[in-house]
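Structural features, examined
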Amino acid sequence: MAEEVILLDYWPSMFGMRTKMALAEKGVTYEYKETDPWVKTPLLIEMNPIHKKIPVLIHKGKPICESLIQLEYIDEVWSDSYPMLPSDPYQKAQARFWGDFIDKKFYDPSWKVWGTKGEEQVAAKKELLEHFKTLETELGDKPYYGGEVFGYVDIALMGYYSWFIAMEKFGDFSIETEFPVLTQWTKRCLARESVVKALADPDKIIEYANILRKKFGAE
Amino acid sequence: MANEVILLDFWPSMFGMRTRIALREKGVEFEYREEDLRNKSPLLLQMNPIHKKIPVLIHNGKPVCESSIQVQYIDEVWSHKNPILPSDPYQRAQARFWVDFIDKKMYDAQRKVWATKGEEQEASKKEFIELLKTLESELGDKPYFGGDDFGYVDIGLIGFYTWFGAYEKFGNFSIESECPKLIGWAKRCLQRESVAKSLPESEKVTEFVSELRKKFVVE
């Protein structure tokens with residue numbers, strides 16, 4: 001019986017992009033279902049009743065929610081190729097720590113820098129730059145966050161890559177100027193087909209950011 | 001080389017309680033070090049420079065931060081007995097989902113129950129009870145969240161039980177009347193030695209919260 005994998009996702013979602021990258025890394029074929037999270041369809045509500053958010057990974061009819069949890073699930077189920085998490089428990093704990101840091105700390109200022117105005121936006125920019133610095137420092141001299149191999153933390157952060165352009169435009173800063181080492185890392189990741197195929201068109205992201213800015217009153 | 005395990009913790013922390021329980025479930029000897037959060041030790045700041053929070057698990061000199069990450073680490077390193085996470089990838093994803101739900105929703109919601117008053121507190125109570133009911137619904141008729149065996153989600157939630165007395169006192173409501181099955185579950189967990197040894201007395205927590213509340217609420 002064929003494996004059935006469905007991904008409920010929304011094209012601009014940095015979280016959905018992570019799951020797309022992971023599925024591609026593992027060579028998993030899946031059905032992509034464009035799902036606008038602002039419109040709570042019956043399928044979305046059925047598959048993610050608690051949060052009603054995307055992405056939702058549906059495997060053989062059963063849902064897995066939350067992108068980082070999806071990454072671990074994908075790594076465990078399709079374990080015969082391209083391990084995304086290290087096998088050593090300590091290294092694994094470090095990888096999970098950084099995934100958690102990105103979602104706990106980086107996420108908020110990453111959207112507030114383009115989605116808010118005035119003092120709130122200024123504070124968000126300051127915080128965002130600090131977190132970029134922390135992430136660049138953690139990368140250090142390594143080609144990837146996990147070391148020699150592209151993995152979990154790289155995917156967790158590259159999911160945001162399509163939105164870097166919006167952060168730079170509305171935050172009025174250049175990631176390449178401020179964070180050259182991180183920029184090299186993004187270029188290294190962008191050489192991977194799984195990454196490139198998962199990302200959104202930057203022009204479309206800016207267009208969408210503009211729509212959301214009006215909606216949030218940031219204009 | 002000996003296994004040296006140190007836990008930097010703060011006695012009323014529902015997060016520290018998770019790690020204490022996990023270590024005891026596995027029969028791991030550890031050194032418990034009480035931190036004064038108003039005067040954090042150099043060791044804490046060195047071992048958790050990013051968040052500067054407890055609990056911090058230090059294993060053979062290397063730190064693991066974030067309680068849910070610590071519990072998974074403990075499960076992977078001391079894998080010889082009392083498995084905490086299920087072995088099936090889908091069940092693991094579900095367990096991770098619920099601890100993530102607890103982390104994302106419970107902490108903020110419970111804080112507002114004891115740290116506010118008036119209308120804000122009433123609204124917070126309502127929200128908090130909804131959360132507990134969601135969790136109770138997920139528990140269903142099972143003895144533990146994972147089924148027949150005590151595990152990851154039980155460990156993730158049980159620490160909050162020591163704070164229930166405080167919520168009830170300051171929120172002026174009875175959790176048992178709202179969620180009797182959840183209380184039944186908590187008492188079942190408390191029969192485990194690892195849990196009983198790791199949780200402070202509810203009265204002491206209520207006393208602690210009483211002092212803390214003075215900082216936020218003028219009665």
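Residues numbered from 1 in each chain as written. Chains lettered and ligands numbered in written order. Predicted model: local features only at pLDDT ≥ 70, side-chain atom pairs only at ≥ 80, totals over all residues. Heavy atoms only, no water.

A few points about the domain arrangement of chain B
Often, the extent of an interface is quoted as the loss of accessible area upon association of its parts. Residues and elements named next belong to chain B. The cut-off we apply is this: Residue ranges assigned to each domain were obtained from an automatic or database domain assignment. In this analysis, two residues are considered to be in contact whenever any of their non-hydrogen atoms come within 4.5 Å of each other. Once two parts are joined, some of their accessible surface, as seen by a 1.4 Å probe, is lost; buried area is that loss totalled over both. In what follows, salt bridge is the name for a side-chain nitrogen of Lys or Arg lying within 4 Å of a carboxyl oxygen of Asp or Glu. Pairs of N or O atoms are called polar contacts if they sit within 3.5 Å, as long as, within protein, a hydrogen donor faces a hydrogen acceptor (for residues adjacent in sequence, only side-chain-to-side-chain pairs). The way it works is that DSSP assigns letters per residue, a run of H or I at least four long becomes a helix, a run of E at least two long becomes a strand, and they are numbered from the N terminus. In the scheme used here, Gly and all other residues not listed as nonpolar or charged are polar, with Ala, Val, Leu, Ile, Met, Phe, Trp, Tyr, Cys and Pro taken as nonpolar and Asp, Glu, Lys and Arg as charged.
Examined at the domain level, chain B breaks down into domain 1 (5-78) and domain 2 (89-216). Computed from C-alpha atoms alone, the centre-to-centre distance between domain 1 and domain 2 is 21 Å. Taken together, the 14 residues of domain 1 in the interface contact 26 residues of domain 2. Taken together, both faces of the contact between domain 1 and domain 2 bury some 1,800 Å²; the carbon and sulfur share is 67%. Interface area lost by domain 1 to domain 2 is led by Met14, Arg18 and Ile21, which between them contribute 34%. With its nearest N and O atoms 2.8 Å apart, the salt bridge here joins aspartate 103 to arginine 18. Connecting domain 1 to domain 2 are 12 residue pairs in polar contact (both at pLDDT 80 or more). Ranked by residues supplied to the side of domain 1 that touches domain 2, first place goes to helix α1 (residues 14-25) with 8 residues. Per-class residue counts for the side of domain 1 that touches domain 2 are 8 nonpolar, 2 polar and 4 charged.

Notes on the UniProt feature "domain: GST N-terminal" (unreviewed entry) in chain B
Defined as follows: UniProt positions are given in the numbering used here, feature names are shortened, and annotations may be inferred rather than shown by experiment.
With numbering aligned to this structure, UniProt lists the feature "domain: GST N-terminal" (unreviewed entry) at residues 3-82 of chain B. Split by type, residues 3-82 of chain B is 36% helix and 21% strand. Its first and last C-alpha atoms lie 19 Å apart.

Comments concerning the environment of Val39(A)
Residues and elements named next belong to chain A. Operational definition: Exposure categories follow from relative accessible area, calculated using a 1.4 Å probe and restricted to protein chains: below 20% of the type maximum is buried, above 50% is exposed, and the middle band is partly exposed.
Checked against the element boundaries, valine 39 lands in the loop between β2 (31-34) and α2 (42-47). According to the relative accessible area criterion, valine 39 is partly exposed, its value standing at 46%. As for valine 39 and lysine 52, which are separated by 13 residues in sequence, their C-alpha atoms are 9.6 Å apart.

What to know about unusual backbone geometry
A cis amide bond, omega 0°, links Ile54(A) with the succeeding residue Pro55(A). Relative to the elements of secondary structure, Pro55(A) occurs in the loop between α2 and β3 (56-59). Cis geometry marks the peptide bond from Ile54(B) to Pro55(B); its omega dihedral reads -5°. Relative to the helices and strands, Pro55(B) is located in the loop between α2 (42-47) and β3 (56-59). Positioned with a positive phi, Asp172(A) is a non-glycine residue whose angle comes to about 55°. Checked against the element boundaries, Asp172(A) lands in the loop between α7 (161-171) and α8 (175-178). At Asn60(B), a position not held by glycine, the phi torsion is positive, near 50°. Mapping Asn60(B) onto the fold places it in the loop between β3 and β4 (62-65). Judged by relative accessible area, Asn60(B) falls into the partly exposed class, the value being 32%.

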